[in-house]
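# Breakdown of the fold
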Amino acid sequence: MPSNKPRTIIEKVWDNHIVAQREGAPAVLFIDLHLVHEVTSPQAFSGLRERGVKVRRPDLTFATVDHSTPTTPRNLPIVDQVAAAQVAQLEKNATDFGIPYFGFQSLNQGIVHVIGPEQGLTQPGMTVVCGDSHTATHGAFGALAFGIGTSEVEMVLATQCLLQRPSKTFEVKVEGTLKPGVSAKDIILALCAKIGIGGGTGCVFEFTGSAIRSLSMEERMTVCNMSIEAGARAGLIAPDEKTYEYIKGRKFAPQGEAWDKAVEFWKTLPTDEGATYDHSVTIDADTLEPMITFGTNPGMGMAISGAVPDPASQSDPLERESLRKALQYMNLQAGQPIAGQKIDVVFIGSCTNSRMTDLRAAASVLKGRKVNPGVRVMVVPGSQEIKRQAEAEGLDKVFKEAGAEWREAGCSMCIAMNGDQLSPGQYSVSTSNRNFEGRQGKGGRTFLASPLTAAASAVTGVVTDVRSL
Amino acid sequence: MQIQSTVAVLPNDNIDTDQIIPARFLKTISKEGLGDQLFFDWRYNSDGSPKSDFVLNTPAAKASKVLLAGDNFGCGSSREHAPWALTQYGLQAVLSTSFADIFKQNSLKNRLLPIVMPKDAHAALFASLEKDPALQVTIDLPAQTLTWPGGPVVEFPIDLFAKDCMLQGVDEIGYVLKQDAAIAAFEAQRPISLNTLA
Ligand code: SF4
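One structure accompanies this document, and this report is about it. (Residues numbered from 1 in each chain as written. Chains lettered and ligands numbered in written order. Predicted model: local features only at pLDDT ≥ 70, side-chain atom pairs only at ≥ 80, totals over all residues. Heavy atoms only, no water.)

Between chain B and chain A, the contact holds 63 residues from the first and 72 residues from the second. Note on chain B versus chain A: buried area summed over both sides is about 5600 Å², and carbon and sulfur give 58% of it. In this assembly, chain B and chain A are joined by ten salt bridges. The salt bridge partner of Asp-159 of chain B is Arg-165 of chain A, with a shortest N-O separation of 2.5 Å. (Contact = heavy atoms within 4.5 Å. Buried area = accessible area lost by both parts, 1.4 Å probe. Salt bridge = Lys/Arg side-chain N within 4 Å of Asp/Glu carboxyl O.)

Right, let's talk about the site of the ligand for a bit. In the neighbourhood of the ligand, the contacting residues comprise His-67, Ile-111, His-113, Asp-132, His-134, Ser-350, Cys-351, Cys-411, Cys-414, Ile-415, Asn-433 and Arg-439 of chain A. Within the shell around the ligand, the residues separate by chemical class into five nonpolar, five polar and two charged. (Near = heavy atom within 4 Å. Nonpolar A, V, L, I, M, F, W, Y, C, P; charged D, E, K, R; others polar.)

Okay, the packing of aromatic side chains next. By the definition in use, this model includes 19 aromatic pairs over all chains. Seen in terms of ring centroids, Phe-45 of chain A and Phe-97 of chain A are 5.3 Å apart; in terms of plane orientation they differ by 40 degrees. Their pairing is tilted. On the criterion of sequence distance, the pair formed by Phe-45 of chain A in helix H2 (residues 42-51) and Phe-97 of chain A in helix H3 (residues 81-97) is long-range, its members being 52 residues apart. Taken individually, Phe-45 of chain A and Phe-97 of chain A each receive the classification buried, so the pair is uniform in this respect. On the numbers, 5.5 Å between centres and 20 degrees between planes, the contact of Phe-39 of chain B with Trp-42 of chain B is stacked. (Phe/Tyr/Trp six-rings, centres within 6.5 Å; stacked < 30°, edge-to-face > 60°. Helix = DSSP H or I, 4+ residues; strand = E, 2+ residues; numbered from the N terminus. Buried < 20%, exposed > 50% of the residue type's maximum accessible area, 1.4 Å probe, protein only.)

Applying the stated criterion to the full structure yields 39 salt bridges over all chains. Asp-18 of chain B is the partner of Arg-439 of chain A in a salt bridge, and the nearest nitrogen-oxygen pair spans 3.0 Å. Here the residue Arg-439 of chain A occupies a position in the loop between strand S18 (427-430) and strand S19 (445-448), and Asp-18 of chain B occupies one in helix H1 (residues 17-20), the pair thus bridging two chains. Grouping residues by exposure puts Arg-439 of chain A and Asp-18 of chain B together as buried. Beyond isolated ion pairs, a larger network of salt bridges with shared partners links Arg-56, Arg-57 and Asp-59 of chain A together with Asp-180 and Glu-187 of chain B.

Structure follows, in structure tokens:
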């Protein structure tokens with residue numbers, strides 16, 4: 001058990017959740033919140049049925065549909081029969097096992113990582129898991145939140161615990177002030193470019209520094225969300241007044257006396273003075289530029305003012321080959337400036353950038369402007385709640401008047417499972433988190449960027465630095 | 001557990017799980033039938049015919065139980081469909097210089113060995129296979145060694161608990177279910193305010 005040694009928040013949350021620790025075996029770690037969606041859970045529920053066990057803690061489990069659900073109007077049925085069957089299966093599983101569920105028609109449906117915080121389910125100091133690698137999003141609240149596979153989903157459903165070994169700790173310090181036109185997305189894209197897609201393997205990030213402190217909760221979620229894109233299992237930010245203010249009054253937040261107790265506990269979580277990390281890296285916010293990816297993984301990114309790198313400049317033969325293959329897939333030339341590259345689609349959405357801050361940023365660019373006639377622009381709010389709020393602010397009108405599509409909530413073209421997808425060869429500027437080959441549709445080519453960059457590119461029809469508009 | 005096999009070679013770094021099995025195949029509610037979808041977009045032409053030059057379509061690879069890949073294999077999405085597809089194709093081990101965390105966990109739970117090799121041994125195996133594509137490697141899980149004719153004895157790390165589970169056929173969920181008393185004791189001292197949905 002913990003001694004007086006100064007600890008990071010990562011270690012504190014870990015220590016607080018150890019149920020049992022046998023010599024040589026991984027710890028049995030208690031899970032405070034288990035989020036479930038339709039894609040990675042059916043086989044886990046089948047496993048429970050085969051074993052004849054119940055869900056141990058339905059009161060700590062929460063399900064919704066987001067990945068394979070259409071973003072067309074909700075009065076239309078799900079046409080894809082396979083997707084419809086998957087959605088129906090989750091509904092049945094939630095009913096059979098007594099799990100709270102926001103279904104397809106629920107007014108609170110949305111992307112699992114958007115609605116957790118929105119409903120006040122995500123709280124500091126918790127362990128949060130989901131069969132989804134972007135679970136790190138919840139780390140913005142000072143929770144230890146990570147993605148798991150379906151076998152582990154089954155384990156958590158059955159036992160509310162996971163077998164885990166501790167990860168290494170990795171401090172990502174972001175100091176300074178972001179310039180206008182530079183956003184939270186650019187911080188995390190810069191980290192991916194700096195340490196590479198495998199740079200954080202085996203680690204949990206703690207994001208620290210003045211630039212992180214000055215981010216809003218929604219922006220912090222954007223940063224933590226893409227921890228996995230730099231290889232880390234999780235990424236978190238110590239809670240502060242902004243965190244408490246965000247959570248207070250939300251549906252599942254503690255109330256009254258419980259609230260005061262909770263805040264008192266949350267205040268013990270931040271990393272102790274003198275605690276050390278296994279790894280660290282620093283990013284200078286003052287000099288950060290808007291970032292964009294040019295290749296086929298999120299680590300292949302650069303400042304938007306830059307030029308596509310030359311594979312010949314890579315010394316490692318496998319890396320040279322990877323870059324050559326990436327440029328071939330993207331059909332880009334070494335040395336070409338990335339700004340000015342023609343695009344076909346702009347996607348504004350995903351658990352990375354589909355919250356009010358993101359929609360407001362995109363709308364601030366599109367207001368009074370028109371989308372380039374050669375570009376299809378899809379704006380997909382992260383939840384039905386966000387959709388209503390955006391409509392109350394008139395953002396839907398801004399998007400529609402500019403010529404963009406305003407759709408229902410879901411993952412949409414982030415993962416292209418629901419019919420929202422690129423055609424082979426098309427280019428998109430996307431506010432999502434993955435530019436892997438075919439991620440947004442077979443043969444599609446993705447440039448990852450911030451909502452500001454996406455909106456600016458929508459107007460011009462080419463990759464555009466918002467500051468040049 | 002010993003594996004002796006030829007090796008299929010996929011010399012890319014950062015092979016992500018979206019390549020291993022594209023997302024559109026994740027709408028299934030079963031674990032079965034994923035072997036044919038493995039590396040689908042690399043493996044098949046748009047008319048559905050197999051690409052003859054893609055390694056996994058060659059008769060030699062189809063008989064291999066071992067895949068050699070570049071660094072950081074299995075990055076990206078947490079989909080366990082990736083190891084399901086790999087094992088259903090017939091693979092029992094993947095060799096790389098590193099694996100993404102979630103993929104590694106998922107593999108160990110599906111009797112697929114994620115074998116981490118030092119950089120020089122990894123490069124040496126590539127070179128040996130270039131000379132003799134039919135060469136066989138031997139993986140000895142109890143001894144944690146990987147060997148091939150003319151090559152070094154490569155000792156590989158593996159989580160000892162996962163190794164025991166694999167060798168003795170321990171069901172990890174059953175193992176945790178048996179710790180019910182410890183879990184109940186933990187739950188009893190846990191602040192009630194954390195039961196958010198109750
Ligand atoms: S929006 Fe994209 S990354 Fe986020 S949960 Fe959905 S599919 Fe995954």
